[in-house]
Amino acid sequence: MVAVLPGCGGTVGGPAVTNATGGSNGSNGAGGVTSTGGASGSGGAINQGGAGGDDVGVGGAASGGAPGSGGAPASNPDGSVDSGPPATTGGTKVVMYLPNWSGSFASWATKMDFKKMTHLNLSFGTVKSNVWSLGAADADVKTLVDAAHAAKVKVLVSIGGADDDIGIINSYATAANIDPLVTSLDAFVTRLDLDGVDVDLERGAMMKSSGNFPAFLKALIAKLRPEGKLITSALAQYIVEDAGSDATITAWLNSYDFINLMIYSTNMTTYTKELTWWTTTKMVPKANLTWGVEFSSKLTVDIAKQLTTASEAYGGVMLWEYSQGTEAQLWPAVQGSI
């Protein structure tokens, strides 16, 4: 997870443009037949601001029906069939990251406001000699996990990060080590009562189809999904472009339950451009994409509200991260916009 603001800059443009009424029926179940969702609400597409700026011009979000559930099992990156399609994660997702360098996880159990949060990603899980760690005592992690579960929030371990992903990449570089690596991660998730794994590997040039990343992801899905665990990812457009554009890449992108997009901009045009790439070039359903928003000093309350509202037309919003000093102003703004 990179706490950098690509594409930032500019001021807020002209007034928001009124959106047309619209919406769509439920989306296809992954790998299965179409299931019709509920009636669509009003809302519609995002529009750019007026002249003088290219920032925010946000309309309402369509409140479409729930995604359809899957039929036939989904394809694996190598074309084989795994144990089932991604989970149905309909509705607006509000994904919050919390790193392990801002106090003990246990201390956050009583300080964190879980209202409107749907997923909490603990960062970062690292590995050494196939032993996984969150850099915290099990008891500390479990205290926070229990508090989140009491609030009906799912908790995942986010593995890797911009600095620590190389240890994971090196571990699966030896094909014979993939199964032991995944087995150890599965045991780690079970031991801490976690709800899944968020894959945050950011070196696209080391994730090409010619390497072992597709095999690692396939093994992870095959191990965790039958247990009802989620497999999500934190990704950016540049990472995928560095990985390549072949069918195998597209297949593993669509094997995740959903993708947290590390866009981290205050410029709506940046979001619309990148989201168009994800949905048209990579063919990832809107419902499987959350908008990455960083709690930085450059993000105003108004823009936080606008981005959150617009994200509801997609899979929801992802927030990096709770321990930043701006949380006290920005998290209530996000909560109030859902």
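The preceding data block contains the structure.
The paragraphs below set out a description of the structure included in this document. Nothing here was measured: the structure is a model prediction, and the numbers come from that model.

1. Quick look at the overall build of the protein
Now for step 1: The number of helices and strands found in the protein is ten helices and nine strands.
Now for step 2: Taken across its 338 residues, the protein has 50% of its residues classed as buried.
Now for step 3: Considering only contacts within the protein whose residues lie at least 6 apart along the sequence, 78% involve residues at least 24 apart.
Now for step 4: When the accessible surface of the protein is split by element, carbon and sulfur atoms take 53% of a total near 13,100 Å².

2. Some words on the nonpolar core
Now for step 1: One finds Leu120, Tyr172, Phe213, Trp252 and Trp278 to be the most contacted residues of the largest nonpolar core, which totals 89 residues.
Now for step 2: If one sorts the elements of this core by residue count, helix H5 (residues 213–224) sits on top with seven residues.
Now for step 3: Setting aside anything within four residues of it in sequence, one finds Tyr172 in contact with Ile178, Leu181, Leu201, Met206, Met207, Asn212, Phe213 and Phe216.

3. Here's the deal with unusual backbone geometry
Now for step 1: Of the consecutive residues Ser123 and Phe124, the connecting peptide bond is found in the cis state with omega at 0 degrees.
Now for step 2: Residue placement: Phe124 occurs in strand E2 (residues 119–128).
Now for step 3: The omega torsion of the bond from Trp320 to Glu321 falls at -10 degrees, within 30 degrees of zero and hence cis.
Now for step 4: On the secondary structure map, Glu321 appears in the loop between strand E9 (316–320) and helix H10 (327–335).
Now for step 5: Although it is not a glycine, Lys116 adopts a positive phi angle of roughly 75 degrees.
Now for step 6: Residue class for Lys116 comes out partly exposed when judged on its relative accessible area of 34%.

4. Side note on the side chain of Ser123
Now for step 1: You can see Ser123 is positioned in strand E2.
Now for step 2: Among all residues touching Ser123, those that are not within four sequence positions of it are Tyr97, Leu98, Pro99, Asn100, Phe105, Leu134, Ser158 and Trp320.

5. Here we look at the packing of aromatic side chains
Now for step 1: Under the criterion given, the structure shown has 13 aromatic pairs.
Now for step 2: Between Phe213 and Phe216, the aromatic rings sit 6.5 Å apart at their centres with planes inclined by 45 degrees, giving tilted as the arrangement. With Phe213 and Phe216 both in helix H5 and three residues apart, this pair spans about one turn of that helix.
Now for step 3: The class of Phe216 is buried, set by a relative accessible area of 0%.
Now for step 4: Taken together, the ring pairs connect Tyr172, Phe213, Phe216, Trp252 and Tyr256 into an aromatic cluster.
Now for step 5: For Lys111, the ring lying beneath its charged end belongs to Trp108, and the centroid distance is 4.1 Å.

6. Looking at the pairing of strand E1 (residues 93–99)
Now for step 1: By the criterion of burial, E1 is predominantly enclosed, with seven of the seven residues buried.
Now for step 2: Of the two faces of E1, the one carrying Lys93, Val95, Tyr97 and Pro99 and the one carrying Val94, Met96 and Leu98 are both buried.
Now for step 3: Both E1 and E2 contribute to a ladder of five bridges, which runs parallel. Across the sheet, Val95 pairs through a bridge with His119, a residue of E2.
Now for step 4: Tracing the backbone out of E1, into helix H1 (residues 105–111) and back to the parallel element E2 gives a crossover that is right-handed.

7. Some points on H5
Now for step 1: When the terminal C-alpha atoms of H5 are compared, their 16 Å separation across twelve residues agrees well with the 16 Å that a helix rising 1.5 Å per residue should span.
Now for step 2: Along H5, the residues classified as buried are Phe213, Pro214, Phe216, Leu217, Ala219, Leu220, Ile221 and Leu224.

Thresholds applied
Residues numbered from 1 in each chain as written. Predicted model: local features only at pLDDT ≥ 70, side-chain atom pairs only at ≥ 80, totals over all residues. Heavy atoms only, no water. Helix = DSSP H or I, 4+ residues; strand = E, 2+ residues; numbered from the N terminus. Buried < 20%, exposed > 50% of the residue type's maximum accessible area, 1.4 Å probe, protein only. Contact = heavy atoms within 4.5 Å. Areas by Shrake-Rupley, 256 points an atom, 1.4 Å probe, with all protein chains shown as cover. Core = buried A, V, L, I, M, F, W, Y, C linked by side-chain atoms within 4.5 Å. Phe/Tyr/Trp six-rings, centres within 6.5 Å; stacked < 30°, edge-to-face > 60°. Lys NZ or Arg CZ within 6 Å of the ring centre and 35° of its normal. Pairing = 2+ DSSP bridges. Right-handed = clockwise from strand over helix to strand, strands pointing away. Expected span 1.5 Å × (residues − 1).

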